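# Structural overview for review
One letter stands for each residue in the lines below.
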Protein chains: 2
Amino acid sequence: MMSVKESYAGKINRKMNKKLHVIHVASGRMPADLVLKNAAYVNVFSNEICHADIAVAEGLIVGMGEYHGVEEVDVSGKIVLPGFIDAHIHLESSLVSPSEFAKAVLPHGTTTVITDPHEIANVMGTDGIEYMLQATEDLPVDVRFMLPSCVPATPLDESGANLDYRAIDSFYDHPRVQGLAEMMNFVGAVNADPQVVEKIVAAQAHHKKIDGHAPGLGGADLNAYIAAGVYSDHECSDIEDALAKLRRGQFIMIREGTAARNLEALIPLLCDKYVERCMFCTDDKHPNDLLEKGHIDYIVKKAISLGVEPITAIKAACHNAARYFLLNNRGAIAPGYLGDFVVIDNFENFHIEKVFKKGKLMYDGQLRDFPVPEVDPYLVKRAHNTFHVSLLTANDFADPRPRGVIGMVPGEIVTQDEGYANHIDVEKDILKIAVIERHKNTHHIGIGYIKGYGLQEGAVATSISHDSHNIIVVGANEEDMAAAVNRIVENKGGITVMRNGAVLGEVPLPIAGIMSDDSLVNVNHDLEEAKAKAYQLGVTPGVDPFMTLSFMALPVIPSLRITTRGVLDVNTQQYV
Amino acid sequence: MMSVKESYAGKINRKMNKKLHVIHVASGRMPADLVLKNAAYVNVFSNEICHADIAVAEGLIVGMGEYHGVEEVDVSGKIVLPGFIDAHIHLESSLVSPSEFAKAVLPHGTTTVITDPHEIANVMGTDGIEYMLQATEDLPVDVRFMLPSCVPATPLDESGANLDYRAIDSFYDHPRVQGLAEMMNFVGAVNADPQVVEKIVAAQAHHKKIDGHAPGLGGADLNAYIAAGVYSDHECSDIEDALAKLRRGQFIMIREGTAARNLEALIPLLCDKYVERCMFCTDDKHPNDLLEKGHIDYIVKKAISLGVEPITAIKAACHNAARYFLLNNRGAIAPGYLGDFVVIDNFENFHIEKVFKKGKLMYDGQLRDFPVPEVDPYLVKRAHNTFHVSLLTANDFADPRPRGVIGMVPGEIVTQDEGYANHIDVEKDILKIAVIERHKNTHHIGIGYIKGYGLQEGAVATSISHDSHNIIVVGANEEDMAAAVNRIVENKGGITVMRNGAVLGEVPLPIAGIMSDDSLVNVNHDLEEAKAKAYQLGVTPGVDPFMTLSFMALPVIPSLRITTRGVLDVNTQQYV
């Protein structure tokens with residue numbers, strides 16, 4: 001049978017029939033699909049707890065009052081909240097596929113996330129964006145997109161793609177794309193770099209949002225950045241920075257994730273005077289952090305424990321992000337809003353008992369099954385075939401010249417300049433570090449030295465290496481370095497701990513070299529085991545063996561970084 | 001020369017070049033077009049008065065700090081506010097053209113209005129909407145549109161047009177159309193009338209706003225109305241009604257206009273807890289009210305005098321309406337926002353000294369000239385040719401049958417049933433009233449009687465008659481009734497006071513029979529003079545001779561109304 005394209009009249013009629021049902025239920029002429037009986041719920045409009053039955057039909061809240069339904073759930077004594085929203089996250093940071101991520105955050109009450117597929121786009125370009133759009137279609141966590149603004153992050157990177165405004169333009173028509181993601185190149189914006197500004201202007205031409213990323217920017221430069229069209233910031237780590245941005249009209253995303261934790265510093269924002277302009281985000285959430293602490297619920301709990309009025313914290317956790325992103329059908333419990341609910345015991349314990357998505361019970365101590373979105377086989381194949389690196393040998397890592405020594409700083413991702421070295425010296429903790437270009441088989445291998453990592457033998461390698469996700473490897477000998485890199489290429493990506501040519505621990509990440517096909521629990525298990533092996537090989541306690549490594553190739557953070565072309569002094573922009 | 005269509009790349013380049021200029025000025029590399037030096041300004045984000053120079057380029061605010069500009073205006077000691085926004089008005093109610101309206105409200109600090117061209121659409125259908133769009137293009141008051149949802153207002157009306165969802169659909173693509181105007185047919189919405197619901201659904205399909213109009217609606221019916229997709233209400237006249245709607249997620253437009261004045265009753269909304277969901281509107285502003293009291297500035301002043309915190313009142317006067325209507329480039333003083341400013345002396349006097357629109361000084365005690373938009377000659381001709389009525393004689397108003405007597409209630413627009421009459425009896429204040437269908441020359445003339453109007457001799461007629469704008473006439477004799485109606489047709493619309501075949505006073509309203517081509521001052525002068533004449537003819541003091549009359553043909557307000565088919569009992573829906 002030929003498929004018939006729906007006419008405009010047909011579309012309106014279809015939507016109207018749904019709406020007629022909604023109206024009949026709201027007015028009490030038909031039973032609801034679901035009623036939360038005897039609810040105490042947070043009203044984000046009147047800033048109070050209200051008491052009523054909440055009726056749902058067609059996935060939408062239709063009314064509050066006295067209602068009866070096909071399904072009735074008594075929530076006496078509980079508190080019902082709108083589903084939570086993460087205003088800014090890179091889903092890839094969880095190391096699992098979007099559906100596995102959804103499974104992990106649903107029990108924590110998250111029903112919407114706004115993701116920036118920056119990592120996968122640096123590997124696969126627009127195919128990566130499309131992969132993530134397809135892999136998130138109809139998930140019970142609504143995944144919305146901001147289009148990556150900085151691929152590659154810097155021209156010094158050798159990434160898998162180079163996206164100008166025109167490359168991403170057609171994605172603005174996708175119904176789940178909300179705008180342009182964090183404009184990290186704030187220097188470019190402030191200095192009126194045409195390639196930066198045309199990306200912003202194009203997003204505005206599509207009436208979309210533009211997120212910011214400008215830690216500490218102030219004064220006339222901040223004016224210029226905001227006047228360019230950047231509407232939010234999630235990089236504030238002190239209250240003065242946040243207030244300067246808020247006063248100039250930026251929305252503040254209070255970030256509390258795995259790597260960066262700004263909630264405590266920004267607590268003064270969570271009061272009547274400022275909260276309207278504030279929301280929560282995580283930016284990055286790693287597997288064990290997601291499993292052990294939770295997600296947006298963890299931020300709300302922590303805010304309340306720090307003295308924030310619960311309803312104020314709830315608004316930042318749902319309503320304010322919804323309004324910022326113009327997702328006007330969520331973030332509140334009122335007629336016409338999505339039936340996204342979090343049922344908790346009370347604000348003190350904040351124990352999540354039930355989670356509903358569009359009126360469907362998804363979690364009540366046990367997670368409900370949901371179908372995993374099917375992705376176009378072309379994209380699946382493309383995502384699982386992103387390594388283009390010939391087999392390497394120890395010889396590829398031999399290098400008689402002196403090279404810069406990157407000095408790690410415990411607990412930080414900044415580094416310091418530790419001078420020069422021309423060979424590995426395990427006694428003095430001088431290890432070899434290398435980045436192998438892996439997108440185009442250029443055989444570009446940047447070699448340098450690193451101090452502070454602590455490895456006594458073997459090698460550690462990862463294909464998570466910000467932001468271009470080339471392969472980064474640190475070793476006590478060149479043979480294991482080559483073996484570790486070859487193993488990652490064989491696995492189509494991931495993390496490997498290697499000694500004497502034997503794999504001690506590993507996490508395969510075959511989706512674009514940055515995400516697993518496995519479950520979050522399994523990935524976390526493998527990751528923790530590999531981490532233990534790395535520590536056994538001598539990695540300095542306090543240094544995360546993989547995460548810290550993944551930042552060593554990001555040539556925007558001072559002072560020394562390893563790139564595919566050698567060790568770069570970020571301050572002088574010279575290779576050393 | 002052939003005109004070349006701008007390419008997408010060309011459009012982005014044009015916008016980028018403007019933006020580059022904005023960034024250069026913001027960062028201090030180029031001088032601003034305008035700087036308000038030493039400003040104290042209301043910051044709607046941090047809810048405080050801030051102090052800085054405000055720099056403007058390309059019509060946009062680019063920064064606050066220390067700036068220099070081609071033009072510098074010292075505003076030391078003054079307070080700078082964002083330009084005001086009227087969230088809901090029928091421009092036609094001013095009786096003048098949109099450019100004359102703009103001249104009247106600019107000195108009062110209004111820089112944006114959202115209009116519902118309901119009146120002209122009832123006369124001219126979509127041609128009326130297009131006329132208003134063209135007549136407001138590039139005015140120094142930005143006029144945004146909500147599309148009329150109820151043309152005709154009821155099926156009992158004989159209006160000039162009948163607009164279903166499809167008739168107005170193409171207007172949603174117009175850049176100044178924000179949505180669907182007040183859904184007055186709340187009964188239809190609550191009862192799931194498909195023609196009402198499809199209008200709402202179509203507006204939603206275009207991602208547009210839908211305004212409400214549902215005085216006193218509550219309970220499950222209110223749930224149904226809101227669940228149908230109605231996002232605001234401007235008909236709240238008491239705080240309980242307003243809070244019920246606010247709690248269910250509607251934005252509340254606090255109305256303070258000529259006919260309806262709800263500010264005092266709704267003052268409790270203007271506090272931290274609720275203000276985010278509230279804004280100001282006027283709905284209708286008649287000439288003398290505009291000239292004597294002002295516009296949104298009058299509401300702000302009154303709110304402050306009633307004890308509202310000034311910054312709270314200012315937010316309701318600009319920022320909150322902007323956010324509701326997704327006009328995200330106005331309603332605040334911050335980088336990227338329009339250079340729409342109101343400069344006042346202080347909050348106590350609230351004397352408006354200067355008004356800027358997009359960085360241009362439009363008023364400083366004297367109004368600056370601006371070009372009047374040119375309207376397509378077809379539409380001009382169409383608007384000035386809306387009367388299709390053959391010449392009438394006294395005989396057309398003769399009627400031996402008994403007809404219902406409409407009893408006017410002083411100070412109200414509701415009426416009461418005063419029984420029957422079959423002839424004029426001036427002694428007993430029984431006058432004849434008639435409505436003459438005037439759009440299609442049907443010669444439908446509904447005849448009845450009215451008590452309480454007080455006319456002793458002559459006749460009063462008007463072509464402003466809600467909502468179909470047929471001609472309504474009241475007379476002490478049939479000859480003057482015919483003469484008055486004929487005079488209005490001759491004038492292509494307006495108001496006439498007639499005695500013994502002579503015009504005593506009149507206001508020609510040749511644009512669709514409801515607006516003048518003349519200035520507001522002249523229209524007001526003619527109107528007040530005609531009013532005086534009507535009172536001289538005996539019209540009861542306390543009854544507005546024309547405005548009260550204009551509601552007598554609106555067959556939705558109890559109890560008796562005159563229609564083109566006779567006297568209708570609104571309660572029983574029977575002609576009497």
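Cut-offs used in this document
Residues numbered from 1 in each chain as written. Chains lettered and ligands numbered in written order. Predicted model: local features only at pLDDT ≥ 70, side-chain atom pairs only at ≥ 80, totals over all residues. Heavy atoms only, no water. Helix = DSSP H or I, 4+ residues; strand = E, 2+ residues; numbered from the N terminus. Rg over C-alpha atoms; globule rule 2.2 N^0.38 Å. Buried < 20%, exposed > 50% of the residue type's maximum accessible area, 1.4 Å probe, protein only. Contact = heavy atoms within 4.5 Å. Lys, Arg positive; Asp, Glu negative; His and termini not counted. Charge placed at Lys NZ, Arg CZ, Asp CG, Glu CD. Buried area = accessible area lost by both parts, 1.4 Å probe. Salt bridge = Lys/Arg side-chain N within 4 Å of Asp/Glu carboxyl O. Polar contact = N/O pair within 3.5 Å; in protein donor to acceptor, adjacent residues only side chain to side chain. Nonpolar A, V, L, I, M, F, W, Y, C, P; charged D, E, K, R; others polar. Least-squares fit on C-alpha atoms with pLDDT ≥ 70 in both. Pairing = 2+ DSSP bridges. Axes fitted to C-alpha atoms, helices over the stretch in contact; angles between N-to-C directions. Parallel < 35°, antiparallel > 145°, perpendicular 65-115°, else oblique. Left-handed = near helix turned anticlockwise from the far one by under 90°. Patch = residues over 30% accessible without salt bridge, like charges linked within 9 Å, V, L, I, M, F, W, Y side chains within 5 Å. Areas by Shrake-Rupley, 256 points an atom, 1.4 Å probe, with all protein chains shown as cover. Phe/Tyr/Trp six-rings, centres within 6.5 Å; stacked < 30°, edge-to-face > 60°. Lys NZ or Arg CZ within 6 Å of the ring centre and 35° of its normal. Core = buried A, V, L, I, M, F, W, Y, C linked by side-chain atoms within 4.5 Å.

## Quick word on the overall build of chain A
Within chain A one finds 18 helices and 27 strands. Relative to the globule expectation of 25 Å for 576 residues, the C-alpha radius of gyration of chain A, 25 Å, shows essentially globular dimensions. In chain A, which comprises 576 residues, the proportion classed as buried is 65%. For chain A, the proportion of contacts with a sequence separation of at least 24, taken over those separated by at least 6, is 68%. Distance between charge centroids for chain A: 5 Å, based on 51 positive and 75 negative side chains.

## Comments concerning the interface of chain A and chain B
Listed per partner, the contact involves 68 residues of chain A and 68 residues of chain B. In this assembly, chain A packs against chain B so that about 5400 Å² is buried in total across both faces, 58% of it on carbon and sulfur atoms. At the junction of chain A and chain B, the tally comes to six salt bridges. Taken together, chain A and chain B are joined by 20 residue pairs in polar contact (both at pLDDT 80 or more). Among the residues forming the side of chain A that touches chain B, the class breakdown is 36 nonpolar, 15 polar and 17 charged.

## Focus: the relation of the copies chain A and chain B
Of the transformation superimposing chain A on chain B, the axial component is 0.0 Å and the angular component is 180°, with the fit at an RMSD of 0.0 Å. Within this description, the copies of the chain are treated as partners about a two-fold rotation axis. Among all residues of chain A, the one whose C-alpha sits closest to the rotation axis is Asp 272 of chain A, at a distance of 3.5 Å. When you check the interface residues of chain A against chain B, 100% turn up at the interface there too, and the contact is symmetric in its surfaces.

## Overview of the pairing of strand 10 (residues 209–212) of chain B
Along any regular strand, the residues point their side chains to alternate faces of the sheet. Residue and element names in this part refer to chain B. With burial as the criterion, each face of strand 10 is covered, one bearing Lys 209 and Asp 211 and the other bearing Ile 210 and Gly 212. Two strands pair when backbone bridges link them, and strand 9 (residues 177–183) and strand 10 are joined in this way by three bridges, in the parallel orientation. Within the sheet, the bridge partner assigned to Gly 179 lies in strand 10 and is Lys 209.

## Things to note about the sheet that holds strand 11 (residues 232–233) of chain A
Residues and elements named next belong to chain A. The sheet built from three strands is open, its strands ordered 11-12-13 with parallel pairing. The open sheet has two edge strands with one neighbour each: strand 11 and strand 13 (278–281). Both strand 12 (residues 251–255) and strand 13 contribute to a ladder of four bridges, which runs parallel. For Ile 252, the partnering residue across the bridge sits in strand 13 and is Cys 278.

## Comments concerning the packing of helix 12 (residues 296–305) of chain A against helix 13 (residues 310–317) of chain A
Residue and element names in this part refer to chain A. It is the contact of helix 12 with helix 13, at a shortest axis distance of 9 Å, that shows an interaxial angle of 155°. Taken together, the axes of helix 12 and helix 13 lie roughly antiparallel to each other. For the element pair helix 12 and helix 13, the recorded crossing hand is right-handed. When helix 12 is examined against helix 13, the residues Ile 296, Val 300, Ala 303 and Ile 304 are found in contact with a partner set consisting of Pro 310, Ala 313, Ile 314 and Ala 317.

## Notes on the sheet that holds strand 26 (residues 566–569) of chain B
Picture the strands of a sheet paired through backbone hydrogen bonds; they go either parallel or antiparallel. All names here are of chain B. Taken in spatial order, the three strands make up an open sheet running 25-26-27, and their pairing is antiparallel. Pairing within the sheet leaves two strands with one partner each, and these edge strands are strand 25 (560–563) and strand 27 (574–575). As paired elements, strand 25 and strand 26 share four bridges and run antiparallel to each other. Within strand 26, the position partnered with Thr 563 by the bridge is Gly 566.

## Examining the side chain of Thr 136 of chain B
All names here are of chain B. Relative to the elements of secondary structure, Thr 136 occurs in the loop between helix 4 (126–135) and strand 8 (142–147). On the basis of relative accessible area, Thr 136 is assigned to the buried category, the value being 1%. Setting aside residues up to four positions removed in sequence, Thr 136 forms contacts with Leu 91, Pro 98, Val 143, Phe 145, Arg 176 and Pro 373.

## Here's the deal with the environment of Lys 492 of chain A
All names here are of chain A. Along the polypeptide, Lys 492 turns up in the loop between helix 16 (478–490) and strand 23 (494–499). In this structure, the C-alpha to C-alpha distance between Lys 492 and Ile 511, residues 19 residues apart in sequence, is 7.7 Å. Look past the residues within four positions of Lys 492 in its chain and what remains in contact with it is His 384, Phe 387, Leu 509, Pro 510 and Gly 513.

## Remarks on the pattern of salt bridges
Across all of its chains, the model carries 62 salt bridges over all chains by this definition. Here Arg 368 of chain A makes a salt bridge to Asp 364 of chain A, at a shortest N to O gap of 2.8 Å. For Asp 364 of chain A, a relative accessible area of 32% puts it in the partly exposed group. For Glu 490 of chain B, the salt bridge is made with Arg 487 of chain B, and the minimal N-O distance between the two is 3.3 Å. In this pair, Glu 490 of chain B and Arg 487 of chain B are both assigned in helix 16 (residues 478–490), three residues apart and thus about one turn of the helix distant.

## Let's talk about a negative patch on the surface
Side chains of Asp 272 and Glu 309 of chain A together with Asp 272 and Glu 309 of chain B sit close together on the surface and give a patch of like negative charge. Tracing the sequence through the fold places Asp 272 of chain B in the loop between helix 10 (263–266) and strand 13 (278–281).

## Some words on the pairing of strand 8 (residues 142–147) of chain A
All names here are of chain A. Counting buried positions over the six residues of strand 8 gives six, a clear majority of the element. Residue alternation in strand 8 divides its side chains into two sets, Asp 142, Arg 144 and Met 146 and Val 143, Phe 145 and Leu 147, and both sets are buried. Summarising the sheet, strand 8 and strand 9 (residues 177–183) pair through three bridges and their orientation is parallel. Each residue of the ladder has a partner; that of Phe 145, found in strand 9, is Val 177.

## Comments concerning the packing of aromatic side chains
One pass over the structure, following the stated rule, counts 14 aromatic pairs over all chains. Where Tyr 8 of chain A meets Tyr 165 of chain B, the ring centres are 6.3 Å apart and the plane angle is 50°; that geometry is what we call tilted. Taken as a pair, Tyr 8 of chain A in helix 1 (residues 8–26) and Tyr 165 of chain B in helix 5 (residues 165–168) lie in two separate chains rather than in one. Of the residues examined, Tyr 165 of chain B reaches a relative accessible area of 9% and is grouped as buried. Through a chain of ring-to-ring contacts, three or more aromatic side chains come together here, namely Phe 251, Tyr 324 and Phe 325 of chain A. The ring of Phe 251 of chain B carries Arg 277 of chain B above its face, with NZ or CZ at 3.7 Å from the centroid. The ring centre of Phe 387 of chain B lies 3.8 Å from the NZ or CZ of Arg 438 of chain B, which sits over that ring.

## Re the environment of His 469 of chain A
Residue and element names in this part refer to chain A. Tracing the backbone shows His 469 in the loop between strand 21 (459–462) and strand 22 (471–475). Judged by its relative accessible area of 1%, His 469 is buried. Setting aside residues no more than four positions away along its own chain, His 469 makes contact with Glu 119, Val 123, Arg 438, His 439, Ser 463, Ile 464 and Ile 514. Only 2.6 Å separates the side chain of His 469 from the side chain of Glu 119, close enough to count as a polar contact.

## Structural notes on the nonpolar core
Counting 349 residues, the largest nonpolar core has Leu 269 and Phe 280 of chain A together with Leu 269 and Phe 280 of chain B as the members making the most contacts within it. Membership of the second largest hydrophobic core comes to 19 residues, among which are Ala 459, Ala 484, Val 489 and Met 498 of chain A.

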